[in-house]
There are 2 protein chains.
Amino acid sequence: MSVTAAKGFTAAGIVAGIKENGNPDLALVVNTGPRRAAAGVFTSNRVKAAPVLWSEQVLKSGRLSAVILNSGGANACTGPKGFQDTHATAEKVADVLGVGAGEVAVCSTGLIGVLLPMDKLLPGVETAVGQLSEHGGEKAAIAIKTTDTVHKTSVVTKDGWTVGGMAKGAGMLAPGLATMLVVLTTDADLDSDALDKALRAATKVTFDRVDSDGCMSTNDTVLLLASGASEVTPEYAEFAEAVRAVCDDLGQQLIRDAEGASKDIKVEVINAATEDDAVEVGRSIARNNLLKCAIHGEDPNWGRVLSAIGTTSAAFEPDRLNVAINGVWVCKNGGVGEDRDKVDMRYREVHIVADLAAGSETATIWTNDLTADYVHENSAYSS
Amino acid sequence: MSVTAAKGFTAAGIVAGIKENGNPDLALVVNTGPRRAAAGVFTSNRVKAAPVLWSEQVLKSGRLSAVILNSGGANACTGPKGFQDTHATAEKVADVLGVGAGEVAVCSTGLIGVLLPMDKLLPGVETAVGQLSEHGGEKAAIAIKTTDTVHKTSVVTKDGWTVGGMAKGAGMLAPGLATMLVVLTTDADLDSDALDKALRAATKVTFDRVDSDGCMSTNDTVLLLASGASEVTPEYAEFAEAVRAVCDDLGQQLIRDAEGASKDIKVEVINAATEDDAVEVGRSIARNNLLKCAIHGEDPNWGRVLSAIGTTSAAFEPDRLNVAINGVWVCKNGGVGEDRDKVDMRYREVHIVADLAAGSETATIWTNDLTADYVHENSAYSS
């Protein structure tokens, strides 16, 4: 059901001809109201794609009527012409829907440094508007796929109101296609300040802690649109938890579909002095190529975990560190712990616990192993 | 000639039986004087191997008579017993040579979390002392190899004095074996303060800018020993330049022998506001797995260079960035530049220039491509 699970939304996903392989490549999500509140978070990469610059701008009003998303081209590093193309796309959507262009967010995903085929994209907008449907969420989720092997959707329904969403990508930077895009919708009746607060709180502990390959996109965008169509205004805490749950579910789906990956690795840092310490340590472990290779080889190589921890500024004493892999404490007090042969690594999910013995804070980062398939897919991408 | 190119040094490299495959695994370098000045730089990883903790301590005197180096075991994360083993090794060398243990540095390389076979190592020390020779530099360089395919040595001879050295490893963390070890010797007559200054200046712009896989070792050590046997005290600037040249040469040899690599990538950042900015940007580019995969595929994917630059805090404007790959300015003013098909990437060395257009500082970081061979070698290492 995706973005149309919540009342007050229609969506479409079509073939505009942007992708040469004829797959769906244009999605449209429309908020039919009565409310049109919205919030968004964007990549912190300082090299931002044209659609990110545009959407950040229009989101300042806290109001969106529609989101147009294309796969098949990131429209990043495309200069003034690229920005004009994004603007023209929003204008086209606005014209056909009868709203203002300033209420239309634009998202793009695909190769960096290539202009979009506007002669295909603009007619595609008309086609998409013609196919808008209250049941269009699934098709929209399919149309934003790039190298994703499956489309990703999630829905949480509470007492009279719903949060739903769709996502594409695989980690901070989808290997090869450079973008994670997420559109969330709700029929809860909330203003944009509440949406913004809930969305930032949710992304901070979900998408921000998915780190497939350490590479940050120029196009990452997460939008949350509220229609108010349920006529229910939930408690903020309950709403925030629903948004977090949908973000968490979609984040897990991104990790499970990361290109070339054979393992999903949950890096749980415990007993840190601060949450920031826990995140820094978790990210350092998650980005260690040697560890990621070792996990691929089903090798519980805890020395590489300690090497990664040692590069951080977190509070810890080396001789108090403990590491468990899949429940076996292979490192105790900074040295050899339980027998590493006890670690069973046959399954796709691998759980690493790093105990800093320095406090009581915790954080979990999700990543993948590093595989020859990742190298193959990303060495053969644009050429 | 390696560490015995300079007068006043003897060396040996032998099979002690630490490595199960019967390859040489123990090296000894002795300073026969008359001076025994020394300096060292060590890994900044906070999880330090026992030999690093020991050698940092003994270097505080600015004096070394000998360096004992073993391959076949890193003696990292081995607790109090590991430190006792390092201490016992230094004591053994000191006993046989008739010097103090506080004048003996210890270096180890190999798997983390495994105790060394002292029953083999200690008798090996006696064997090594028996084979010390003014021509032993080559054998010492061979005995510190782990997964290195070639041994690495370098010599610069000036007017009456020499700086020579040996190295092992492949990048910040030798893939699989976790250590870069370097021993430099000189017969120049200089005190430990001058050695320390020259060594820190040299490593800052050489080894510190070799970043094969972004992973920092628990064992990295670079030592510089001076015998004074030439009876020449060179100008400091000339000496510092010779040390830099030897470090640069050895650093290049590490990159060319990086495990699994098929390309050596020179990342040159120009027109940065500060040298720190240039280093930060260079390292961000050098550590970008997607770019490293693209280079492996001979794909001049400049969008990935811009993505990497965008994650830094360096001063730049996105629409003023320029990127050249092998001499072709494929990105100009943050957008599409010259035809990417003009880029010839058939050769092993790839030269990326990132022009930040923000000042006049520069820095060069060396890295490698990311290959399926790297994954294979590092997924099958300890198991």
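What counts and what doesn't
- Residues numbered from 1 in each chain as written.
- Chains lettered and ligands numbered in written order.
- Predicted model: local features only at pLDDT ≥ 70, side-chain atom pairs only at ≥ 80, totals over all residues.
- Heavy atoms only, no water.
- pLDDT = per-residue confidence, 0-100.
- Helix = DSSP H or I, 4+ residues; strand = E, 2+ residues; numbered from the N terminus.
- Contact = heavy atoms within 4.5 Å.
- Salt bridge = Lys/Arg side-chain N within 4 Å of Asp/Glu carboxyl O.
- Buried < 20%, exposed > 50% of the residue type's maximum accessible area, 1.4 Å probe, protein only.
- Domains from an automatic or database assignment.
- Buried area = accessible area lost by both parts, 1.4 Å probe.
- Least-squares fit on C-alpha atoms with pLDDT ≥ 70 in both.
- Polar contact = N/O pair within 3.5 Å; in protein donor to acceptor, adjacent residues only side chain to side chain.
- Pairing = 2+ DSSP bridges.
- Axes fitted to C-alpha atoms, helices over the stretch in contact; angles between N-to-C directions.
- Phe/Tyr/Trp six-rings, centres within 6.5 Å; stacked < 30°, edge-to-face > 60°.
- Lys NZ or Arg CZ within 6 Å of the ring centre and 35° of its normal.

### Remarks on the confidence of the model for chain A
Residues and elements named next belong to chain A.
Okay, so step 1: Residues with a pLDDT of 70 or more make up 97% of chain A, whose mean pLDDT is 91.
Okay, so step 2: When mean pLDDT is taken per element in chain A, helix H3 (residues 118–130) scores highest with 98 and helix H10 (residues 372–379) scores lowest with 85.
Okay, so step 3: The low-confidence segment residues 172–178 (pLDDT under 50) makes 41 contacts with residues lying over four places distant or belonging to another chain.

### Observations concerning the pattern of salt bridges
Okay, so step 1: Taken as a whole and judged by the stated rule, the model has 26 salt bridges over all chains.
Okay, so step 2: Here Glu298 of chain A ties to Lys263 of chain A by a salt bridge, and the two come within 2.7 Å at their closest N and O atoms. Linking Glu298 of chain A in the loop between helix H8 (289–296) and helix H9 (302–310) with Lys263 of chain A in the loop between helix H6 (236–256) and strand S10 (264–272), this pair joins segments that are 35 residues apart in sequence.
Okay, so step 3: With a relative accessible area of 36%, Glu298 of chain A lands in the partly exposed category.
Okay, so step 4: As a salt-bridge pair, Lys92 of chain B and Glu126 of chain B come within 2.6 Å of each other at their nearest N and O atoms. Of this pair, Lys92 of chain B sits in helix H2 (residues 79–97) while Glu126 of chain B is found in helix H3 (residues 118–130), placing the two residues 34 residues apart along the sequence.

### As for the domain arrangement of chain A
Residues and elements named next belong to chain A.
Okay, so step 1: The domains assigned to chain A are domain 1 (2–256) and domain 2 (264–379).
Okay, so step 2: Between the C-alpha centres of domain 1 and domain 2 the distance comes to 33 Å.
Okay, so step 3: Domain 1 puts 12 residues into the contact, and the matching count from domain 2 is 15 residues.
Okay, so step 4: Across the interface of domain 1 and domain 2, roughly 1,300 Å² is buried in total on both sides, 38% from carbon and sulfur atoms.
Okay, so step 5: It is Arg209, Asp211 and Ile255 in domain 1 that bury the most area against domain 2; as a group they hold 48% of the surface buried on that side.

### Points about the relation of the copies chain B and chain A
Here the second copy of the chain follows from the first by a rotation about an axis and a shift along it.
Okay, so step 1: Least-squares fitting of chain B to chain A yields an RMSD of 0.0 Å, with the superposition described by an axial translation of 0.0 Å and a rotation of 180°. Here the two chains are linked by the operation of a two-fold rotation axis. Relative to the rotation axis, the C-alpha of Ala372 of chain B is the closest in chain B, positioned 2.1 Å from it.
Okay, so step 2: When you check the interface residues of chain B against chain A, 100% turn up at the interface there too, and the contact is symmetric in its surfaces.

### Some points on the interface of chain B and chain A
Okay, so step 1: On the chain A side, the residues contacting the 54 residues of chain B number 54 residues.
Okay, so step 2: The contact between chain B and chain A buries some 3,900 Å² in all, and 59% of this surface belongs to carbon and sulfur atoms.
Okay, so step 3: There are 0 salt bridges connecting chain B and chain A.
Okay, so step 4: Connecting chain B to chain A are 13 residue pairs in polar contact (both at pLDDT 80 or more).
Okay, so step 5: Elements supplying a minimum of two residues to the side of chain B that touches chain A: helix H8 (289–296), helix H9 (302–310), strand S13 (335–336) and helix H10 (372–379) of chain B.

### Some words on the sheet that holds strand S5 (residues 104–109) of chain A
All names here are of chain A.
Okay, so step 1: Strand order in the open sheet made by the 4 strands is S1-S2-S4-S5, with mixed pairing throughout. Strands at the two margins of the open sheet, each flanked by one partner only, are strand S1 (9–14) and S5. Taking each pair of neighbouring strands and ignoring which way they run, the sheet shows an average axis angle of 10°.
Okay, so step 2: Where helix H2 (residues 79–97) meets the sheet, its contacts fall on strand S2 (26–31), strand S4 (66–71) and S5, and the angle it forms with S5 comes to roughly 130°.
Okay, so step 3: Here H3 sits on the sheet in contact with S1, S2 and S4, set at roughly 50° to S2.

### Things to note about the packing of aromatic side chains
Okay, so step 1: Tallying each qualifying case throughout the model produces 4 aromatic pairs over all chains.
Okay, so step 2: Ring centres 5.8 Å apart and planes at 50° place the aromatic pair Trp161 of chain A and Phe239 of chain A in the tilted group. Taken as a pair, Trp161 of chain A in the loop between strand S6 (152–157) and strand S7 (162–168) and Phe239 of chain A in helix H6 lie far apart in primary sequence, 78 residues in all.
Okay, so step 3: Judged by its relative accessible area of 2%, Trp161 of chain A falls in the buried class.
Okay, so step 4: Arg46 of chain A extends its terminal NZ or CZ atom over the ring of Phe316 of chain B, reaching a point 3.9 Å from the ring centre.
Okay, so step 5: The residue whose ring lies beneath Lys197 of chain B is Tyr236 of chain B, and the NZ or CZ to ring-centre distance is 4.6 Å.

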